[in-house]
Amino acid sequence: MASVGGSVDLEQVTKRYGAETVVAGVSLAIPEGQFFTLLGPSGSGKTTTLSMLAGFVVPDEGRVMLGGRDMTRVPPRGRGLGMVFQNYAIFPHLNVAENVAFPLTVKGAPKAGIAARVAEALEMVKLTGFGTRYARQLSGGQQQRVALARAIVGHPKVVLMDEPLGALDKNLRYHMQVEIKEIQQRLGMTVIYVTHDQEEALTMSDRIAIMNHGRIAQMGPPREVYENPDSSFVASFLGEANLLKVRRDGEAVRGPGGAPFVARGALTTPEGLVFVRPEKVNVAAGTAAVAPNHLPGQIQHASFLGNIVRYAVTAAEGARLLCDVANGAGTQIHRPGDAVTLSWRAEDSRLLAG
Ligand code: ADP
Ligand code: MG
């Protein structure tokens, strides 16, 4: 196996199964050391994209470049990648140390070096002392740590992970997210991570590509894609989003009840949507008019979630908004039926195509 740099590039990669195009001209340029996530609903083409990076699937069109070298037709074993999959079970007939050593033993690495590498990898995943155990003697979380140790034992520059924490409960997931991130930073690896969990993508990634129907809908750092989605799909896939119908009226854009809205972006069609996240909406008692974006409404439901209060608010023309208000010191909690005025900043909202 040649030693290659950790950059990963896909150039106009397409994969079809029969009449269905499951990955449609995807291009990605991922620099060495980046934590890059493919996020999208089930069936959007994430695993197929990762499989083409791994070499399990050969694209019908386009190129796969690793460390600047064309690897499109190189088999998986020649790509020098580490891999962790949700159902990539560890071998039951091998103990933990033998499992972790596997990528090195198949390459015929010298025995003395292997033991040191295995010890180091087990230490990184916090499984020192577990070397002689078998899969049946490990919890699900521990088995996934073994899979992680096996993926990094050969110090690959690039590690692919497909929903690696999908089978774990929420608490364990969170711990493993932090640990994977720490290991990635410690080793300076490039990680291509697949998940359908928005929160996981937002916390772990340097950059996220949101996939939909085999295409990249949007790509960028977590905060950018969360706060500045350029489609209603991305807006609602990445958490809660208010998407209100708006129409053009000369130079103005008007929402429910004719309320004038000022937002980023432009409306290129007569009708469209204005996007604003629930936590960016202010909820004030009464009908005070605060410029520029304000909308009279009525509290329909108030959910007390401890640190926040989530309001469902109705406005003119049957519009419904979610508003998350931090439960800070002295916060007044509105009740169902209360008349309120919702407001938000122009820079926290964006015009989108309908
Ligand atoms: P994701 O990982 O985002 O859930 P996949 O990449 O696994 O999506 O699948 C994308 C689409 O391709 C799905 O519609 C799936 O049914 C289809 N698909 C995946 N693998 C095959 C295959 N080997 N043969 C036929 N269709 C496939
Ligand atoms: Mg998948």
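These numbers come from a predicted model, not from an experiment.

S.K.: How would you summarise the domain arrangement of the protein if you had to cite specific residues and measurements?
M.R.: Here the protein is partitioned into domain 1 (8-227) and domain 2 (240-353). Taking only C-alpha atoms, the centre of domain 1 and the centre of domain 2 are 40 Å apart.

S.K.: If you had to explain the nonpolar core to someone new, which residues and values would you point to?
M.R.: Counting residues in hydrophobic clusters, the biggest one holds 35 residues, and the most contacted among them are Val100, Leu148, Met161, Ile180 and Tyr193. Apart from the residues lying within four places of it in its own chain, the contact partners of Met161 are Leu50, Val84, Leu148, Ile180, Val191, Ile192, Tyr193 and Val194. In terms of nonpolar packing, the next biggest core, distinct from the first, is built from 27 residues, Val26, Phe36, Met52 and Leu81 among them.

S.K.: Go over the pattern of salt bridges, please, and point to the residues and values.
M.R.: Per the counting criterion, the structure on display carries 17 salt bridges. Measuring nitrogen to oxygen at the nearest pair gives 2.4 Å for the salt bridge that ties Glu61 to Arg16. Taken as a pair, Glu61 in strand E4 (residues 61-66) and Arg16 in strand E1 (residues 8-17) lie far apart in primary sequence, 45 residues in all. On the accessibility criterion, Arg16 (35% relative accessible area) is partly exposed. One salt bridge connects Glu227 with Lys280, and the closest N-O pair in it is separated by 3.4 Å. Of this pair, Glu227 sits in helix H7 (residues 222-227) while Lys280 sits in the loop between strand E14 (271-276) and strand E15 (282-285), and the two are 53 residues apart along the sequence. Of the residues examined, Glu227 reaches a relative accessible area of 27% and is grouped as partly exposed. Since its relative accessible area comes to 26%, Lys280 is described here as partly exposed. It is possible to trace a salt-bridge network through shared partners that takes in Glu11, Arg63 and Asp70.

S.K.: Residue-level account of the site of ligand 1, with values.
M.R.: Around ligand 1 sit Tyr17, Glu20, Val22, Pro41, Ser42, Gly43, Ser44, Gly45, Lys46, Thr47 and Thr48, and that is every residue in its neighbourhood. Here an oxygen atom of ligand 1 and a side-chain polar atom of Glu20 are 3.3 Å apart. Within the side chain of Thr48, an N or O atom sits 2.5 Å from an oxygen atom of ligand 1. Protein coverage of the free-state accessible area of ligand 1, which is 560 Å², stands at 59%. Those elements giving two or more residues to the shell around ligand 1 turn out to be strand E2 (20-30) and helix H1 (46-54).

S.K.: If you had to explain the packing of aromatic side chains to someone new, which residues and values would you point to?
M.R.: Here the structure, examined in full by the defined rule, presents five aromatic pairs. Relative to Phe237, the ring of Phe233 has its centre 5.7 Å away and its plane inclined at 15 degrees; by these criteria the two rings are stacked. In this pair, Phe233 and Phe237 both sit in helix H8 (residues 232-237), four residues apart, roughly one turn of the helix. Classification of Phe233 as partly exposed rests on a relative accessible area of 24%. Over the ring of Phe91 we find Arg150; its NZ or CZ atom is 5.1 Å from the centre of that ring. Positioned over the ring face of Tyr226 is Arg277, at 4.0 Å from the centre of the ring.

S.K.: Describe the environment of Phe275, with residues and values.
M.R.: Looking at the secondary structure, you find Phe275 in strand E14. When its relative accessible area of 0% is taken as the criterion, Phe275 is described as buried. Distance in space between the C-alpha atoms of Phe275 and Glu32 is 34 Å, their sequence separation being 243 residues. Ignoring sequence-local partners within four residues, the contact set of Phe275 consists of Tyr226, Glu227, Pro229, Ala235, Ala241, Asn242, Leu243, Asp348, Ser349, Arg350 and Leu352.

S.K.: Just give me the short version of the sheet that holds strand E5 (residues 69-70), but keep the residues and values in it.
M.R.: Spatial ordering of the open sheet is given by E2-E1-E4-E5, a layout of four strands whose pairing is antiparallel. Both edges of this open sheet fall to E2 and E5, since each of them pairs with a single strand only. With two bridges connecting them, E4 and E5 associate as antiparallel partners. Counted as the bridge partner of Leu66 is Arg69 from E5. Along the sheet, H1 makes contact with E1, E2 and E4, crossing E1 at roughly 120 degrees.

S.K.: An account of the environment of Leu273 is requested, with residue identities and associated values reported.
M.R.: Within the element layout of this structure, Leu273 appears in strand E14. Through-space distance from the C-alpha of Leu273 to that of Leu244 is 5.2 Å; in sequence the pair is 29 residues apart. Not counting chain neighbours up to four residues away, the residues in contact with Leu273 comprise Ser232, Leu243, Leu244, Lys245, Val246, Leu267, Arg350, Leu351, Leu352, Ala353 and Gly354.

S.K.: Just give me the short version of the pairing of strand E19 (residues 339-344), but keep the residues and values in it.
M.R.: For E19, the buried fraction is high: five of the six residues fall into the buried class. Direction of pairing for E15 relative to E19: antiparallel, over a ladder of four bridges. Paired with Ala285 across the two strands is Val340, which belongs to E19. Inspection of the sheet shows strand E16 (residues 293-304) paired to E19 by six bridges, in the antiparallel sense. Bridge pairing in E19 links Leu295 to Leu342.

S.K.: Could you give an account of helix H5 (residues 170-187), naming the residues involved and the relevant values?
M.R.: In a regular helix each residue adds 1.5 Å, so 18 residues correspond to 26 Å; H5 covers 26 Å between its end C-alpha atoms and thus fits that length. Along H5, the residues classified as buried are Arg173, Met176, Gln177, Glu179, Ile180, Lys181, Ile183 and Gln184. On its buried face, H5 is in contact with strand E3 (35-39), helix H3 (111-124), helix H4 (140-152), strand E7 (158-162), strand E8 (190-195) and helix H6 (198-204). Looking one or two places after H5, you find Gly188, whose phi comes out positive at around 65 degrees.

Thresholds applied
- Residues numbered from 1 in each chain as written.
- Chains lettered and ligands numbered in written order.
- Predicted model: local features only at pLDDT ≥ 70, side-chain atom pairs only at ≥ 80, totals over all residues.
- Heavy atoms only, no water.
- Domains from an automatic or database assignment.
- Core = buried A, V, L, I, M, F, W, Y, C linked by side-chain atoms within 4.5 Å.
- Buried < 20%, exposed > 50% of the residue type's maximum accessible area, 1.4 Å probe, protein only.
- Contact = heavy atoms within 4.5 Å.
- Salt bridge = Lys/Arg side-chain N within 4 Å of Asp/Glu carboxyl O.
- Helix = DSSP H or I, 4+ residues; strand = E, 2+ residues; numbered from the N terminus.
- Near = heavy atom within 4 Å.
- Polar contact = N/O pair within 3.5 Å; in protein donor to acceptor, adjacent residues only side chain to side chain.
- Areas by Shrake-Rupley, 256 points an atom, 1.4 Å probe, with all protein chains shown as cover.
- Phe/Tyr/Trp six-rings, centres within 6.5 Å; stacked < 30°, edge-to-face > 60°.
- Lys NZ or Arg CZ within 6 Å of the ring centre and 35° of its normal.
- Pairing = 2+ DSSP bridges.
- Axes fitted to C-alpha atoms, helices over the stretch in contact; angles between N-to-C directions.
- Expected span 1.5 Å × (residues − 1).

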